[in-house]
Amino acid sequence: MQLKDINKDTYRSHLNVIIVSAIAFFAAVGVGISSLLVLYFGSAAGDNFFLNLLGVSIGGGIAAFCLHRLKSSAYFYEVAYVWDLKHELNLINRRLTTLKRAASDNNVDAIIILLYNYHGSRQLWQLDDNVLNLQELELDLIQLEDKIRQLGLKLEPNQYQRTLLTKF
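Residues numbered from 1 in each chain as written. Predicted model: local features only at pLDDT ≥ 70, side-chain atom pairs only at ≥ 80, totals over all residues. Heavy atoms only, no water.

A. Spatial organisation of helix 6 (residues 134-150). With 17 residues, helix 6 extends 24 Å between its outermost C-alpha atoms, agreeing within 8% with the 24 Å of an ideal straight helix rising 1.5 Å per residue. Buried residues of helix 6: Leu134, Leu137, Leu141, Leu144 and Ile148, and no others. Taken around the axis of helix 6, the buried residues stretch over an arc of 85°, which confines them to a single face. Pointing more than 90 degrees away from the buried face of helix 6 are the exposed residues Gln135, Glu136, Ile142, Arg149 and Gln150. In this structure, the buried residues of helix 6 make contact with helix 5 (108-127). Note on helix 6: the residue one or two positions beyond its end, Gly152, has a positive phi of about 70°. (Helix = DSSP H or I, 4+ residues; strand = E, 2+ residues; numbered from the N terminus. Expected span 1.5 Å × (residues − 1). Buried < 20%, exposed > 50% of the residue type's maximum accessible area, 1.4 Å probe, protein only. Arc of directions from axis to C-beta. Contact = heavy atoms within 4.5 Å.)

Here it is in structure tokens:
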């Protein structure tokens, strides 16, 4: 996955609309299906917990299916990009200790992955207004870029490919 420039205002606006729409859709469909199940299969005694649970589960499944189908639409572009970026960074963060150790041993693939991770994390944190750890991240990025210069390498974050992770 390559890093792309994303307009923060567009991302935030679309994310808010998608969240509110998804919650409203989930609530309406979940309650609607639950009501229908209780109407047709419910007992007069009022013990319909499992029918309500089934209805809400079906509603959640339908909402998730719709979100997955809409993910490739133009309106979802920024939000889908951030979802995919979070997934990619999560895969990297699971191997972060090993990657840092390999990068300290001058492993070029580990350095490329860390460079991507730092740039991607910075972009993600800025988009989500999560700036608490940004100074620490910037320091790590400066140290890594200094190491890259010392090794005489010309590396870019977009040289990253997920297949590089299989080595670690």
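B. Local environment of the environment of Leu3. Looking at the element boundaries, Leu3 is found in the segment before helix 1 (8-41). Residue Leu3 is classed as buried on the basis of its relative accessible area, which comes to 18%. Placed 65 residues apart in sequence, Leu3 and His68 show a C-alpha to C-alpha distance of 21 Å. Here Leu3 is in contact with Tyr81, Leu85, Tyr116, His119, Gly120, Gln123, Pro157 and Asn158, once residues within four sequence places are set aside.

C. Structural view of the packing of aromatic side chains. Scanning the entire structure with this criterion turns up three aromatic pairs. Look at Phe49 and Phe50: their rings are 5.2 Å apart centre to centre, the planes differ by 75°, and that puts the pair in the edge-to-face class. Each member of the pair, Phe49 as well as Phe50, is classed as exposed. (Phe/Tyr/Trp six-rings, centres within 6.5 Å; stacked < 30°, edge-to-face > 60°.)

D. Structural view of helix 1. Counted at 1.5 Å a residue, the expected span for helix 1 with its 34 residues is 50 Å, and the 48 Å between its end C-alpha atoms agrees. Within the sequence span of helix 1, burial applies to Tyr11, His14, Leu15, Ile18, Val29, Gly30, Ser34 and Leu37. For helix 1, the secondary structure elements touched by its buried residues are helix 2 (49-70), helix 3 (77-93) and helix 5. The opening residue of helix 1, the one whose side-chain oxygen lies 2.9 Å from the backbone nitrogen of Asp9, is Asn7. (Polar contact = N/O pair within 3.5 Å; in protein donor to acceptor, adjacent residues only side chain to side chain.)

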